[in-house]
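What follows is the residue order along each chain.
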Amino acid sequence: MLNIVLFGPPGAGKGTQSELLIAKYNFKHLSTGDIFRANIKNETELGKLAKSYMDHGKLVPDEVTIQMLEAEVNKANSTVGYIFDGFPRTKAQAHALDAFLATKNTSITLMLALEVQEPELRTRLAERAKTSGRPDDAEPSVIQKRIDVYNNETMPVKAYYQTQNKYIGVDGIGTVDAVFNRLIEPLSKLEV
Ligand code: AMP
């Protein structure tokens, strides 16, 4: 099994690149943001709770997020592997993911990180707001909050995987295809 964490700040292109990776490798895609948005749409209790955080650019509490992620992995039951998109976003989530995957006799293979600087992120998110319909893209103060949360709470997750020698940073600037080719280079070495 290949289990990939696709990492990067909001607007780095995680969703776009996940779709291409899935098309090529048949991974099961687990995007915590997408799952929360589906819950909001279906007006579930989880959706109501998540929305109260998401609309302000804050992280949904770890306990709720971890429990939901584990339930989704169990439902998906992939033999190929998973692509974790937007998870883990805290060190507590990273620890929980390792412990959970160990119970399934598997582990994270690599963290692939899309590296994009802040001014470019702000431009991309403002552009995405025109079509995404996402309330958290529409408001510049919420975009800034998400970037701050990323820097303060999510960045430590990078060091967590670096100490395990699993971190690979990729330049996230360029065409979708150019970035994709950079992402699959380390994966193609693993396949051999
Ligand atoms: P995303 O679609 O990945 O940009 O996530 C949108 C929002 O969903 C984030 O700003 C958080 O409020 C929430 N969210 C997504 N993934 C997580 C996570 N792993 N932990 C906590 N909150 C999350």
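Only a predicted model underlies this, so the values are computations on that prediction, with no experimental measurement involved.

Asks: What should I look at first to understand the overall build of the protein in this one?
Replies: When its secondary structure is counted, the protein shows 10 helices and five strands. A compact globule built from 192 residues would reach a C-alpha radius of gyration of about 16 Å, and the protein, at 16 Å, matches this within 12%. Overall, the C-alpha framework of the protein stretches about 45 × 40 × 30 Å when taken along its three principal axes. By residue count, 45% of the 192 residues in the protein fall in the buried class. Here the analysis covers contacts within the protein between residues at least 6 apart in sequence; of these, 75% occur between residues at least 24 apart. For the protein, the accessible area works out to roughly 9800 Å², and carbon and sulfur atoms hold 51% of it.

Asks: Any chance you could explain the packing of helix α6 (residues 118-132) against helix α8 (residues 140-154) here in plain terms?
Replies: Each pair of packed helices can be described by the angle between their axes along with the distance between the axes. At a minimum axis distance of 11 Å, the contact between α6 and α8 shows a crossing angle of 135 degrees. Our classification of the angle between α6 and α8 gives oblique. Pair α6 / α8 crosses with right-handed handedness. Mapping the contact onto sequence places Glu118, Leu121, Arg122, Leu125, Ala126 and Arg128 in α6 and Ile143, Gln144, Arg146, Ile147 and Asn151 in α8.

Asks: Mind showing me how you'd approach unusual backbone geometry here?
Replies: Where the residue is not glycine, phi is negative for most of them; where a peptide bond is considered, it is trans in most cases. With an omega of -5 degrees, the peptide bond running from Phe87 to Pro88 counts as cis. Along the chain, Pro88 falls in the loop between β3 (82-85) and α5 (91-103). The backbone of Asn26 sits at a positive phi, close to 70 degrees, despite the residue not being glycine. By the element assignment, Asn26 lies in the loop between α1 (14-25) and β2 (28-31).

Asks: Help me understand the site of the ligand, please; the structure alone is not making it clear to me.
Replies: Thr32, Arg37, Lys58, Gly86 and Arg89 are the nearest of the 16 residues found near the ligand. At a separation of 2.7 Å, a nitrogen atom of the ligand approaches a polar side-chain atom of Thr32. When the ligand is considered free in solution it has 480 Å² of accessible area, and contact with the protein chains removes 96% of it. The element that contributes the greatest number of residues to the shell around the ligand is helix α2 (residues 32-41), accounting for four residues.

Asks: Before we go on, may I ask you to explain the sheet that holds β3 in this structure?
Replies: Within a sheet, neighbouring strands are paired by backbone hydrogen bonds and run either parallel or antiparallel to one another. Taken in spatial order, the five strands make up an open sheet running β2-β3-β1-β4-β5, and their pairing is parallel. The open sheet has two edge strands with one neighbour each: β2 and β5 (167-171). The average undirected angle you get between the axes of adjacent strands in this sheet is 20 degrees. As defined by bridge partners, β2 adjoins β3 across four bridges and the pair is classed as parallel. If you follow Lys28 over to β3, its bridge partner there is Tyr82. Contacting β1 (4-7), β2, β3 and β4 (110-115), α1 runs over the sheet at an angle of about 175 degrees to β3.

Asks: Just checking my understanding: could you explain the pairing of β3 for this structure?
Replies: Two faces, one strand: in a regular strand the side chains alternate between the faces of the sheet. Here β3 shows no split at all, with Tyr82 and Phe84 on one side and Ile83 and Asp85 on the other all buried. Relative to β3, β1 is paired through three bridges, and the arrangement is parallel. Looking at β3, one finds that Ile4 is bridged to Ile83.

Asks: Before we go on, may I ask you to explain the packing of aromatic side chains in this structure?
Replies: The description of two aromatic rings rests on the distance between their centres and on the angle between their planes. The final tally for this structure, using the stated rule, is four aromatic pairs. Look at Tyr160 and Tyr161: their rings are 5.1 Å apart centre to centre, the planes differ by 80 degrees, and that puts the pair in the edge-to-face class. Note on Tyr160: relative accessible area 11%, which makes it buried. In this structure, Lys24 is placed above the aromatic ring of Tyr25, and the distance from its NZ or CZ to the ring centre is 5.6 Å.

Analysis parameters
- Residue numbers here run from 1 along each chain, matching the order of that chain's written sequence.
- Owing to the predicted nature of the model, reporting of local features is limited to residues with pLDDT of at least 70; listing and counting of side-chain atom pairs is limited to 80 or more, with chain, interface and lining totals taken over all residues.
- As a rule here, side-chain values come from all non-hydrogen atoms in the structure, and water together with hydrogens is ignored.
- The way it works is that DSSP assigns letters per residue, a run of H or I at least four long becomes a helix, a run of E at least two long becomes a strand, and they are numbered from the N terminus.
- Just to be clear, the radius of gyration here is over C-alpha atoms, and the globule rule we use is 2.2 Å times residues to the power 0.38.
- Residue exposure (1.4 Å probe, protein chains only): buried if accessible area is under 20% of the type maximum, exposed if over 50%, otherwise partly exposed.
- Contacts were defined at the residue level, with two residues in contact if any of their heavy atoms lie within 4.5 Å.
- For every accessible area listed, the method is Shrake-Rupley and the probe measures 1.4 Å; residues are considered covered only by the protein chains on display.
- Lines fitted to C-alpha atoms define the axes, with helix axes restricted to the stretch in contact, and inter-axis angles between N-to-C directions lie between 0 and 180 degrees.
- Roughly parallel covers angles under 35 degrees, roughly antiparallel covers those over 145, roughly perpendicular covers 65 to 115, and oblique covers all other angles.
- Two helices cross in a left-handed way if the nearer one is turned anticlockwise from the farther one by less than a right angle. They cross in a right-handed way if the turn is clockwise.
- What makes a residue near a molecule or strand is one non-hydrogen atom of that residue sitting within 4 Å of it.
- Here a polar contact is taken to be a pair of N or O atoms separated by no more than 3.5 Å, where protein atoms must pair a possible hydrogen donor with a possible acceptor and residues adjacent in sequence count only if both atoms sit in side chains.
- Paired strands, as defined in this entry, are two strands with at least two bridges between them according to DSSP.
- Two aromatic rings, drawn from Phe, Tyr or Trp (for Trp, its six-membered ring), form a pair once their centres lie within 6.5 Å of each other, and the interplanar angle then sorts them: stacked below 30 degrees, edge-to-face above 60, tilted otherwise.
- Should the NZ of a Lys or the CZ of an Arg lie within 6 Å of a ring centre and within 35 degrees of the ring normal, that charge is described as sitting over the ring.

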